[in-house]
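# Understanding the architecture of this molecule
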Amino acid sequence: IADWQAASGMSRALYLDLQALTPAGNTMTWASTGNKLIQHPDVALFFTEHGDRNWLKSIAAACGVAKEDCDYLGRWMPEQSDDYLRTARQVVHRTQKLVAHKC
């Protein structure tokens, strides 16, 4: 298992390798433009593993998701009860689906 520093470095390498995409006609598919998605290496420093959790919560709140449901996003506490975890999973999946389709 990689430590946080190694994981962050691998994520930055991945971000720098991503290709920009464009819709491929009316086929509901994507094609590479041949350009890098991130043009300057320092831009990759703006993205962190923790940022994804914050982003989803912010977008969900902007889409009108209740605070009680937003509070479940990004909570990774294995010592909590199974009932809480099942509820959290349902709320998180419902919120992710709403954000993906509505916002």
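Below: a short report on this structure. In this text the structure is predicted, and so the values were computed from the model without any measurement.

Taken together, the four bridges between strand β1 (residues 19–23) and strand β2 (residues 30–36) define a ladder with antiparallel strand orientation. Bridged to Q19 within β2 is K36. Hairpin connection of β1 to β2: six residues between the antiparallel strands, including G25 at a positive phi of 65°.

Of note in the backbone geometry, M28 takes a positive phi value of approximately 60° without being a glycine. With respect to the helices, strands and loops of the structure, M28 is situated in the loop between β1 and β2. Given the relative accessible area of 80%, M28 is considered exposed.

The periodicity of an α-helix, 3.6 residues per turn, causes residues three or four positions apart to be oriented the same way. Taking 1.5 Å of rise per residue, the 14 residues of helix α1 (residues 4–17) would be expected to cover 20 Å, and the 20 Å separating its terminal C-alpha atoms lies within 8% of that figure. Of all the positions in α1, only S8, S11 and Y15 are classed as buried. Along the long axis of α1, the arc covered by the buried residues comes to 60°, so they all point the same way. Within α1, the exposed residues directed more than 90 degrees away from the buried face are M10, L14 and D17.

Criteria and cut-off values
- For every chain, the first residue of its written sequence is number 1, and the numbers climb from 1 along that sequence.
- Local features in a predicted model are, by the rule used here, given only for residues with pLDDT of at least 70; side-chain atom pairs are given and counted only at 80 or more, and totals for whole chains, interfaces and linings are based on all residues.
- Excluded from the side-chain calculation are hydrogens and water; included are all heavy atoms of the structure.
- Two strands qualify as a pair provided that DSSP identifies no fewer than 2 bridges between them.
- Segments assigned H or I by DSSP are reported as helices when at least four residues long, segments assigned E as strands when at least two residues long, and all are numbered from the N terminus.
- Buried residues are those whose accessible area, probed at 1.4 Å on protein chains only, stays under 20% of the maximum for their type, while exposed residues exceed 50% and partly exposed ones sit between those limits.
- Every helix has an expected span of 1.5 Å times one less than the residues it contains.
- Working definition: the arc comes from the directions between the helix axis and the C-beta atoms, pointing outward to the latter.

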